[in-house]
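Summary of the model geometry
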Amino acid sequence: MRDVYVLGVGQIPVTKEKDEPLREMAARAVKAALADAGVETVGALYVGNMLSGMLSHQQHLGALVADASGLRGIEAATTEAACGSGGAAMRWGYMAVAGGLHDVVVVCGVEKMTHTDRYETTRALATASDWPHEGAHGHSFVSLNAIIMQEYLRRYRANRSLFATFAINAHHNAVTNPNALFQKPITIEKYEESPIVQAPIRLYDASPICDGAAALVLGAAEIAAESRQRRPRVRVAASAGATDSVGIAGRRDLLILDAIVASTRKAYAQAGVGPEAIDFFELHDAFTIMAVLALEGAGFAESGKGLWLGADGEITLEGRIPISTFGGLKARGHPVGGTGVYQLVEAYLQLTGQAGPNQVREARIGMTQNVGGTGATVLTHILERVD
């Protein structure tokens, strides 16, 4: 297996109700990444997407985006792993370069969700649940996460208001991210006054429906060594995936996300590090309860103690384990198939010192985690700055 490096990145602003066609959104991100990497030729393109067939009546995105990006003729394919589709595309790209199949590839994540009515979009998203047992009975990801959150409150007798710190932190960091959907801070008062979507989940506990696309270029070590960029090199120190039951009724423990535990442990082993070495964590905060369970599953807190990382200020840019450094899914936005790639783009910006006011000081090792469904598919990547 060869070392794999991130050569460049690109992203477009996360938006709502934009008329831009899906292929053009993806192509803009891909072209930006290629320009940033200083690369014109790639061997393959991997596109992460979940909903294009259902909401846009358009499959075959690999070839479609390759053509729109000026890459006609290359190998191209689409990956689908629900909300983890972007992370899955990254995994494919990593394996292609690490395994010697290609020297340079481009990875893209894209989703267009706001051009259909909310009912149609919500129903399409629910196909990532265990449909015969969950989605077909009216469950959405809001209701499924509400069940998990309610169990957390019951078992640990947790203070409901402590979840606010995760939403407040995400919105604070999104204010200075020009690509974020919600560039506005919120207060504890605003959080508590927000409507209950499904008890105990409030509006500010959930990520928004939105559109977006992000991309990155991966290359072998010799390609990275030839780069003329005056910035630190970033190596993919680990790439790991794991799965659990799709339906929450099949879980060993509702509050222990086994796929997060397994994926993270594999990544730590590959990178030769533990949680104490991670300088920031771009976790999958589609809901505040998922952020808490991710921190616990990845070893940053004991079970039932993850809430206190927010209360004690440990998740801020200056804290022990900064999360959602550009706003996360909660405030940057969660364009489902694009989310995992946005996370990786943001990690690259952190590690190359290009994060501006969102910069985590002396960041050298960052971890991203993209989750499909309520924890059924988890893709974890660790990126390392190489001076």
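Above this text sits the structure in question.
In what follows, the accompanying structure is described. These figures come from a predicted structure and were not determined experimentally.

1. A closer look at the nonpolar core
Ranked by internal contacts, the top residues of the largest apolar core, which has 67 residues, are F163, F281, L295, F300 and I382. For F163, the residues in contact, after removing those within four places along its chain, are M149, Y152, L153, Y191, D205, T288, I289, V292 and L307. Grouped together as the second largest cluster of nonpolar side chains are 64 residues, L7, L71, A220 and F326 included.

2. Looking at the side chain of S85
With respect to the helices and strands, the residue S85 is situated in helix α4 (residues 85-98). Leaving out residues up to four positions away in the same chain, S85 has contacts with G48, N49, M50, T79, E80, G337 and N370.

3. Description of the side chain of N173
Along the polypeptide, N173 turns up in helix α7 (residues 164-174). Every residue in contact with N173, bar those within four places of it in the chain, is listed here: L317, I323, S324, T325, F326, G327 and N358.

4. Quick look at the layout of surface pockets
If you add up the space inside the largest pocket, you get close to 680 Å³. V142, A206, S207, P208 and I209 are the residues nearest the centre of the largest pocket, which is lined by 29 residues in total. At the level of elements, α5 (118-125) and α6 (141-156) are the ones that each hand at least two residues to the lining of the largest pocket. In the lining of the largest pocket, the residues fall into 17 nonpolar, eight polar and four charged.

5. Considerations on the packing of aromatic side chains
Considering all chains together, one arrives at four aromatic pairs under this definition. On the basis of an interplanar angle of 65° and a centroid distance of 4.8 Å, the ring pair of Y152 and Y156 is categorised as edge-to-face. With Y152 and Y156 both in helix α6 and four residues apart, this pair spans about one turn of that helix. Under the relative-accessibility criterion, Y152 is labelled buried at 0%. Among the residues examined, Y156 registers a relative accessible area of 25% and is labelled partly exposed. Geometrically, the ring pair formed by F281 and F300 is tilted, given 5.5 Å between the ring centres and 35° between the ring planes. Taken together, the residues span a long stretch of sequence, with F281 in strand β9 (residues 280-282) and F300 in the loop between α11 (288-297) and α12 (307-311) at a distance of 19 residues. Each member of the pair, F281 as well as F300, is classed as buried. Within the aromatic cluster, the residues linked to one another by ring pairs are Y152, Y156 and F163.

6. Observations concerning the sheet that holds strand β7 (residues 212-220)
Spatial ordering of the open sheet is given by β3-β2-β4-β7-β1-β8-β11-β10-β9, a layout of nine strands whose pairing is mixed. Every other strand in the sheet has two partners, leaving β3 (75-79) and β9 as the edge strands with one partner each. Strand-to-strand twist of the sheet, defined as the mean angle between neighbouring strand axes without regard to direction, takes the value 25°. Both β9 and strand β10 (residues 365-372) contribute to a ladder of three bridges, which runs parallel.

How each quantity is defined
Residues numbered from 1 in each chain as written. Predicted model: local features only at pLDDT ≥ 70, side-chain atom pairs only at ≥ 80, totals over all residues. Heavy atoms only, no water. Core = buried A, V, L, I, M, F, W, Y, C linked by side-chain atoms within 4.5 Å. Buried < 20%, exposed > 50% of the residue type's maximum accessible area, 1.4 Å probe, protein only. Contact = heavy atoms within 4.5 Å. Helix = DSSP H or I, 4+ residues; strand = E, 2+ residues; numbered from the N terminus. 1 Å grid on protein atoms, 1.4 Å probe; cavity = no way out; pocket = protein on both sides within 12 Å on 5 of 7 lines; lining within 4 Å. Points joined across faces, edges and corners; volume = space filled by probe spheres on them. Nonpolar A, V, L, I, M, F, W, Y, C, P; charged D, E, K, R; others polar. Phe/Tyr/Trp six-rings, centres within 6.5 Å; stacked < 30°, edge-to-face > 60°. Pairing = 2+ DSSP bridges. Axes fitted to C-alpha atoms, helices over the stretch in contact; angles between N-to-C directions.

Function-wise, these values are silent; they only describe arrangement.
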